[in-house]
Amino acid sequence: MTEMITVDLVDLDLDRSAETKEAAARSLAERMAALGRVRDLDGFLADVAAREAQMPTGLDGGIGIPHCRSAHVTEPTLAFGRSARGIDFGAPDGPADLIFLIAAPAGADDAHLTILSSLARQLMDAEFTAALRAATDAGTATDLIRGTRPADGEPSAPSEPSAPSEPSVPSAPSAPSVPSAPSAPSEPSVPSADQEPAESRTRDDGTPAEPFRVVAVTSCPTGIAHTYMAAQALESAAREAGVEISVETQGSAGFTRLDPAVVAAADGVLFAHDVPVRDKTRFAGKPTVDVGVKAAVNRPAELLAEVRRKAARGETTPAPDKPSPVESAGDSDDGYATKLRKWLMSGVSYMVPFVAAGGLLIALGFAIGGWKIDKAPSVAEHFIWTEHTSWAALLFQIGGLAFAFLVPVLAGYIAYGMADRPGLVPGFVGGSVAVTIKAGFLGGLAAGLIAGAVVLGIQRARVPAVLRGIMPVVVIPLISSAVVGFLMFLVVGKPIASLQSALTDWLEGLSGANAVILGVILGLMMCFDLGGPLNKVAYAFAIGGLTHPTDGGLKVMAATMAAGMVPPLAMALATTVRGRLFTATERENGKAAWFLGASFITEGAIPFAAADPLRVIPASMAGGAVTGALSMAFGCTLRAPHGGVFVVPLIGEPLLYLVAIAAGVGVSTLVVVLLKSVRKATPVDATTEARTAAGTDATERVPTAV
């Protein structure tokens, strides 16, 4: 902690510079930037705001902990500010007077993250926060946070419980509870029916009874603060209630799984999480309370009492032999359609790297060796080091091998999403059968779903205890592979292969109005959710055409990539030509969007859509539809599945392709500028415009990182 916070990173009078949480974060972040801890102030603040949008970072007890992991941070840093008025960070009990801004680099090491997690635990200590409120200078506050000055050693600490020292502190009412911490904080939230620890810890004959045992898992999106604060709150409340608790913190620094014996001996389970719990099946079959991570920070005693009540009623979670990761990680009320989407996205996400690597290598092979390079002999038998065609053949053949994994990987990981690791073998087998019978991409989808379903069915069957040890390694792979192979070869494979062939023929025959309409549809899908599920469906459809390249399939791939480049490029252009319509952060994001759009990374437009979806998304869709239609109308083709403008030499009709992209970008830019121009100006907008006109925009006064 010594290097993470210095006196220069402490502001005990934050009211001078901030009245809102955004202003508070900026004020503290400016101190980080002045020390060279933050390279790009606005970029970092955008990351802080994105984390805040996921979940408010205010906590009960007058604490605000804005935090994030960011590529703009050079080293793990902590800044502290104190506000007498209090600043609203979304806590249920009101504004925060103690604000900690935590900045972690995108690749922060475990040691740094562990130190930050220890601070998060300290924040749950009433003596620590009371000492910070009583600190009279930045040096004292710095020493307290570093741990070089204990809270009970603070010169002003003895006066904490007394009234005279508390009037100006917003959360002063909490101070009197410091001496009585062992009982006061948690008991009011525990129903009277459950306030029986003293009696329940002895049997009728007077001998001690075993304590009530709980295992808990805490996790949050960033894995830095709330994860560990929730763990500390639960541990403190458990001590007061006489409950034996073991907490697994699934944070950014990794996690250590609870001992299986501890889990087996537990009387109840408590999940406090905002991201999926990893290996959730370990806890099946026990009374379980499942809440968000902030609930454990704010009302830990109440949650422990709820676990007790469920255990007393005998309520347990279903305990299938091996539920799927999606069922474990998703919400309990997810419908079948939601689960199906997650299963399919699991397969697509694992498939995309094979597509990118294989497809680009194939495209490079064509670019270097010409269009007949696919007829070259195997480089294992014929390779001349000084001939460029041999190198082209090498690239093409490596790419072809990588691309050949596309359908098996898709099927294997769809099955994995449904049934965990036992689904991999039948999934890959089914995908390979799909390739063999030329069922293609559609066959891979079907094989994955069939494999997952077969494995889930086998796992639900009752088997003798003697066979359970060999089920995952022998029985399940053997039976599931045989069943999936039979179904794919003899039942569903041939109809799917016929459908795939019909789709390929349809793409090959696309021309005129039909091609343009398909281009419009693909453009709309690519730009609707900017990298989300619908975008991935369109992209997966285009990739399917590359598995058996035809002229129609190559046109679809070209239109899909062109449309996906439009949103970030349009936002970049809009921030350049009408910067006053965008915030300073958006203008900064616009600079990065140029490169992201040119590289076919549609997600580069997400920051703009998140801030103003009703204007940005329709504008993006309009431009994407225009680009998709023009690309199809011009007959542009593309053999590479990715690469953006960097693979333009590999595109058929490259100049017209760039014209299609430019037209779509122009339409999107025009629409978003018009939509933003007609919105009603707010006082903040007016002030910003006035400052801009005067040449004194606030962004010009921000200290730059050294």
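## Considerations on the overall build of the protein
Turning to step 1, where the next piece is worked out: Helices and strands together make up the secondary structure of the protein, namely 26 helices and 12 strands.
Turning to step 2, where the next piece is worked out: By the burial criterion, 49% of the 706 residues in the protein qualify as buried.
Turning to step 3, where the next piece is worked out: Once local pairs closer than 6 in sequence are excluded, the contacts in the protein between residues at least 24 apart make up 71%.

## Notes on the sheet that holds strand 7 (residues 212–219)
Note: strands within a sheet are paired through backbone hydrogen bonds, in either parallel or antiparallel orientation.
Turning to step 1, where the next piece is worked out: With parallel pairing, 4 strands are arranged side by side in an open sheet as 8-7-9-10. At either margin of the open sheet sits one strand with a lone partner, and together these are strand 8 (243–249) and strand 10 (288–291). Within this sheet the neighbouring strands show an average axis-to-axis angle of 15°, counted without direction.
Turning to step 2, where the next piece is worked out: As paired elements, strand 7 and strand 8 share 7 bridges and run parallel to each other.

## Digging into the environment of Asp 274
Turning to step 1, where the next piece is worked out: Mapped onto the fold, Asp 274 is located in the loop between strand 9 (268–273) and strand 10.
Turning to step 2, where the next piece is worked out: A relative accessible area of 34% means that Asp 274 is categorised as partly exposed.
Turning to step 3, where the next piece is worked out: Taking C-alpha positions, Asp 274 is 8.9 Å from Met 55, a pair spaced 219 residues apart along the chain.

## Re the pattern of salt bridges
Turning to step 1, where the next piece is worked out: This structure, assessed with the given rule, holds 16 salt bridges.
Turning to step 2, where the next piece is worked out: Among the ionic pairs, Arg 26 bridges to Asp 42, the shortest N-O distance being 2.9 Å. Taken together, the residues span a long stretch of sequence, with Arg 26 in helix 1 (residues 21–34) and Asp 42 in helix 2 (residues 41–54) at a distance of 16 residues.
Turning to step 3, where the next piece is worked out: Take Asp 42: its relative accessible area is 12%, and that puts it in the buried class.
Turning to step 4, where the next piece is worked out: In this structure, Arg 37 engages Glu 75 in a salt bridge whose closest nitrogen and oxygen atoms are separated by 3.7 Å. Residue Arg 37 is found in the loop between helix 1 and helix 2, and its partner Glu 75 is found in the loop between strand 4 (67–70) and strand 5 (77–87); the two are separated by 38 residues along the sequence.
Turning to step 5, where the next piece is worked out: The exposure class assigned to Arg 37 is buried, which follows from its relative accessible area of 9%.
Turning to step 6, where the next piece is worked out: When its relative accessible area of 32% is taken as the criterion, Glu 75 is described as partly exposed.

## Some remarks on the packing of helix 7 (residues 226–241) against helix 10 (residues 300–313)
Turning to step 1, where the next piece is worked out: At a closest axis distance of 8 Å, the pairing of helix 7 and helix 10 adopts a crossing angle of 65°. Handedness of the crossing formed by helix 7 with helix 10: right-handed. Across the interface between the two elements, Ala 233, Leu 234, Ala 237, Ala 238 and Ala 241 of helix 7 pack against Pro 300, Ala 301, Leu 304 and Arg 308 of helix 10.
Turning to step 2, where the next piece is worked out: A per-class count over the contact of helix 7 with helix 10 returns 8 nonpolar, no polar and 1 charged.

## Comments concerning a nonpolar patch on the surface
Turning to step 1, where the next piece is worked out: On the surface, a cluster of nonpolar side chains totalling about 520 Å² of accessible area is made up of Phe 595, Val 645, Phe 646, Leu 655 and Leu 658.
Turning to step 2, where the next piece is worked out: Among the structural elements, Phe 646 can be located in the loop between strand 11 (637–638) and strand 12 (651–652).
Turning to step 3, where the next piece is worked out: On the basis of relative accessible area, Phe 646 is assigned to the exposed category, the value being 54%.

## Details of the nonpolar core
Turning to step 1, where the next piece is worked out: Counting 88 residues, the largest nonpolar core has Met 351, Leu 406, Met 561, Leu 638 and Tyr 657 as its most contacted members.
Turning to step 2, where the next piece is worked out: Among the elements that take part in this core, helix 21 (residues 551–577) stands out by supplying 14 residues, more than any other.
Turning to step 3, where the next piece is worked out: In terms of nonpolar packing, the next biggest core, distinct from the first, is built from 69 residues, Ile 5, Ile 63, Ala 79 and Leu 270 among them.

## Comments concerning the side chain of Ser 27
Turning to step 1, where the next piece is worked out: If you trace the backbone, Ser 27 turns up in helix 1.
Turning to step 2, where the next piece is worked out: Setting aside residues no more than four positions away along its own chain, Ser 27 makes contact with Asp 11, Leu 14 and Ser 17.

## Let's talk about the packing of aromatic side chains
Turning to step 1, where the next piece is worked out: Following the criterion strictly, the structure yields 12 aromatic pairs and no others.
Turning to step 2, where the next piece is worked out: Ring centres 5.8 Å apart and planes at 80° place the aromatic pair Trp 385 and Trp 391 in the edge-to-face group.
Turning to step 3, where the next piece is worked out: We classify Trp 391 as partly exposed; its relative accessible area is 38%.
Turning to step 4, where the next piece is worked out: Aromatic ring contacts, followed pair by pair, group Tyr 350, Tyr 413, Tyr 416 and Phe 428 into a single cluster.

## Some points on helix 16 (residues 440–459)
Turning to step 1, where the next piece is worked out: The terminal C-alpha atoms of helix 16, which comprises 20 residues, lie 29 Å apart, in line with the 28 Å expected from a rise of 1.5 Å per residue.
Turning to step 2, where the next piece is worked out: The buried fraction of helix 16 is high, at 15 of 20 residues.

## Comments concerning the environment of Met 571
Turning to step 1, where the next piece is worked out: By the element assignment, Met 571 lies in helix 21.
Turning to step 2, where the next piece is worked out: The spatial distance from the C-alpha of Met 571 to the C-alpha of Trp 594 is 8.5 Å, given a sequence separation of 23 residues.
Turning to step 3, where the next piece is worked out: Apart from residues lying up to four places away in sequence, Met 571 is in contact with Ala 605, Phe 608, Val 616, Ser 620 and Val 672.

## What about unusual backbone geometry?
Leaving glycine aside, a negative phi is the common case for residues, and trans is the common case for peptide bonds.
Turning to step 1, where the next piece is worked out: Non-glycine residue Lys 438 carries a positive phi angle of around 65°.
Turning to step 2, where the next piece is worked out: Given a relative accessible area of 58%, Lys 438 falls into the exposed group.
Turning to step 3, where the next piece is worked out: Despite not being glycine, Phe 600 shows a phi value in the positive range, around 65°.
Turning to step 4, where the next piece is worked out: Tracing the sequence through the fold places Phe 600 in the loop between helix 22 (584–598) and helix 23 (606–611).

## Things to note about helix 25 (residues 654–677)
Each turn of an α-helix holds 3.6 residues, which means side chains three or four residues apart point in the same direction.
Turning to step 1, where the next piece is worked out: Over its 24 residues, helix 25 extends 34 Å from the first C-alpha to the last, a length consistent with the 34 Å expected when each residue adds 1.5 Å.
Turning to step 2, where the next piece is worked out: Close packing links the buried residues of helix 25 with helix 21, helix 24 (613–634), strand 11 and strand 12.

## Details of the confidence of the model for the protein
Turning to step 1, where the next piece is worked out: Here the protein shows a mean pLDDT of 78. Residues at 70 or above account for 78%.
Turning to step 2, where the next piece is worked out: Contacts from residues 320–333, a stretch scored under 50 in pLDDT, to residues over four places away or in other chains number 29 contacts.

## A word on the environment of Pro 276
Turning to step 1, where the next piece is worked out: Within the secondary structure layout, Pro 276 lies in the loop between strand 9 and strand 10.
Turning to step 2, where the next piece is worked out: Accessibility expressed as a relative area gives 43% for Pro 276, which makes it partly exposed.
Turning to step 3, where the next piece is worked out: C-alpha of Pro 276 to C-alpha of Gln 250: the two residues are 26 residues apart in sequence and 9.8 Å apart in space.

## Topic: the side chain of Thr 57
Turning to step 1, where the next piece is worked out: Tracing the chain through its elements places Thr 57 in the loop between helix 2 and strand 2 (58–59).
Turning to step 2, where the next piece is worked out: Thr 57 sits in the buried class, given a relative accessible area of 0%.
Turning to step 3, where the next piece is worked out: Polar contacts involving the side chain of Thr 57 include one to the side chain of Glu 52, which spans 2.7 Å.
Turning to step 4, where the next piece is worked out: Every residue in contact with Thr 57, bar those within four places of it in the chain, is listed here: Arg 51, Glu 52, Ile 63, Gly 64, Ile 65, Pro 66, His 67, Phe 89 and His 226.

## Some remarks on the packing of helix 14 (residues 406–419) against helix 16
Turning to step 1, where the next piece is worked out: Running from N to C, helix 14 and helix 16 point in directions that differ by 30°, and their axes come no closer than 8 Å. By the angle between their directions, the pair helix 14 and helix 16 is classed as roughly parallel. Pair helix 14 / helix 16 crosses with right-handed handedness.
Turning to step 2, where the next piece is worked out: In terms of residue class, the contact of helix 14 with helix 16 is made up of 16 nonpolar, 5 polar and no charged.

Cut-offs and rules
- Residues numbered from 1 in each chain as written.
- Predicted model: local features only at pLDDT ≥ 70, side-chain atom pairs only at ≥ 80, totals over all residues.
- Heavy atoms only, no water.
- Helix = DSSP H or I, 4+ residues; strand = E, 2+ residues; numbered from the N terminus.
- Buried < 20%, exposed > 50% of the residue type's maximum accessible area, 1.4 Å probe, protein only.
- Contact = heavy atoms within 4.5 Å.
- Pairing = 2+ DSSP bridges.
- Axes fitted to C-alpha atoms, helices over the stretch in contact; angles between N-to-C directions.
- Salt bridge = Lys/Arg side-chain N within 4 Å of Asp/Glu carboxyl O.
- Left-handed = near helix turned anticlockwise from the far one by under 90°.
- Nonpolar A, V, L, I, M, F, W, Y, C, P; charged D, E, K, R; others polar.
- Patch = residues over 30% accessible without salt bridge, like charges linked within 9 Å, V, L, I, M, F, W, Y side chains within 5 Å.
- Areas by Shrake-Rupley, 256 points an atom, 1.4 Å probe, with all protein chains shown as cover.
- Core = buried A, V, L, I, M, F, W, Y, C linked by side-chain atoms within 4.5 Å.
- Phe/Tyr/Trp six-rings, centres within 6.5 Å; stacked < 30°, edge-to-face > 60°.
- Expected span 1.5 Å × (residues − 1).
- pLDDT = per-residue confidence, 0-100.
- Polar contact = N/O pair within 3.5 Å; in protein donor to acceptor, adjacent residues only side chain to side chain.
- Parallel < 35°, antiparallel > 145°, perpendicular 65-115°, else oblique.

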